[in-house]
Amino acid sequence: MGDTCVAMDEWVQHPTAHTALDDILPCIDHATAQETLFQTKDVTFQLVDTVNKIIINVANIDPPPFPGLLNYNQSGPLVPTLCNPLNADKTDRKCRDGELDASTAAQIWKAYVCQVSANDMCTTVGRLTPKMYDQMSAAANVSSGLTYYGAFLAGLMDCSFVRFTFTRVHADHCPELIKYSKWVYIGLTMVSVAVMLSLVLWVLYARERRHRKYTKLVVASEHTSLATETELK
């Protein structure tokens, strides 16, 4: 445990040095991670902007008097737009009243879907065809996922999340782990010494037992010799 804590601390304190954890934590540099995060934000912004343009310029307009892509017999209440969490410069943006969160937009948009004919014209009240709804919902779900997980994934890429976790583990748990590890080592040392002493005492006991047995045999042999000599006399 102590070695693990030392390895974590070395990796946190020296992010550019080659440490024992480099082989199992393949981190990319911070600049690359931030560029990836920026691209993720750009995709999110473009997705939401595209969906809102479809809502504003297609779904929520009155059908023009001539047939075409903009006229599919849409009618009814206006479809609420999607909240874009980013400004054009990719800074954070607060949602306005009436804008939908990307995580719940698909559920709310269901109320604005119309039934369609074979040529994809609305036959009931509604401003979204099923195809439009599916595409807009997919875009909203992707936008929600990128917004929610983008920063976290960037943190995994440059290991800032792992670095923060290691810092907390080292500060909150390593002092106790090191203390308990020392106790374990002391206990194992005492057990090892006790085993060695037991082996030494067993060897001494075995030698003494063998010596006593040999002595008894010698004494018995001498008594037998004396008795034989006595009988012969």
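If you're wondering where the values come from, they're calculated on a predicted model, not measured in any experiment. (Residues numbered from 1 in each chain as written. Predicted model: local features only at pLDDT ≥ 70, side-chain atom pairs only at ≥ 80, totals over all residues. Heavy atoms only, no water.)

## Focus: the packing of aromatic side chains
Any aromatic ring pair is given by two values, namely how distant the centres are and how the planes are angled relative to each other. Enumeration over the complete set of coordinates arrives at 1 aromatic pair. Measuring from ring centre to ring centre gives 4.7 Å for Tyr148 and Tyr149, while their planes differ by 85°; the resulting arrangement is edge-to-face. The ring of Phe45 is capped by Lys90, whose NZ or CZ atom sits 5.1 Å from the centre of that ring. (Phe/Tyr/Trp six-rings, centres within 6.5 Å; stacked < 30°, edge-to-face > 60°. Lys NZ or Arg CZ within 6 Å of the ring centre and 35° of its normal.)

## Section: the pattern of salt bridges
In this structure the tally under the stated criterion is 3 salt bridges. The closest approach of N and O atoms between Glu99 and Arg93, which form a salt bridge, is 3.0 Å. (Salt bridge = Lys/Arg side-chain N within 4 Å of Asp/Glu carboxyl O.)

## Notes on the nonpolar core
Val51, Val79, Leu82, Trp109 and Leu128 are the most contacted members of the largest nonpolar core, which totals 22 residues. With residues near it in sequence (within four places) discarded, Trp109 still touches Val51, Ile55, Val79, Pro80, Leu82, Leu100, Leu128, Tyr133, Met136, Ser137 and Ala140. (Core = buried A, V, L, I, M, F, W, Y, C linked by side-chain atoms within 4.5 Å. Buried < 20%, exposed > 50% of the residue type's maximum accessible area, 1.4 Å probe, protein only. Contact = heavy atoms within 4.5 Å.)

## Observations regarding the environment of Phe45
Its place among the elements puts Phe45 in helix α2 (residues 30–59). With 38 residues separating them in the primary sequence, Phe45 and Cys83 have C-alpha atoms 10.0 Å apart. Apart from residues lying up to four places away in sequence, Phe45 is in contact with Asn84, Leu86, Asn87, Ala88 and Lys90. (Helix = DSSP H or I, 4+ residues; strand = E, 2+ residues; numbered from the N terminus.)

## As for a nonpolar patch on the surface
Together, Tyr148, Tyr149, Phe152 and Leu153 make up an exposed nonpolar region whose accessible area comes to about 460 Å². Examined against the element boundaries, Leu153 turns out to sit in helix α4 (residues 130–157). Since its relative accessible area comes to 44%, Leu153 is described here as partly exposed. (Patch = residues over 30% accessible without salt bridge, like charges linked within 9 Å, V, L, I, M, F, W, Y side chains within 5 Å. Areas by Shrake-Rupley, 256 points an atom, 1.4 Å probe, with all protein chains shown as cover.)

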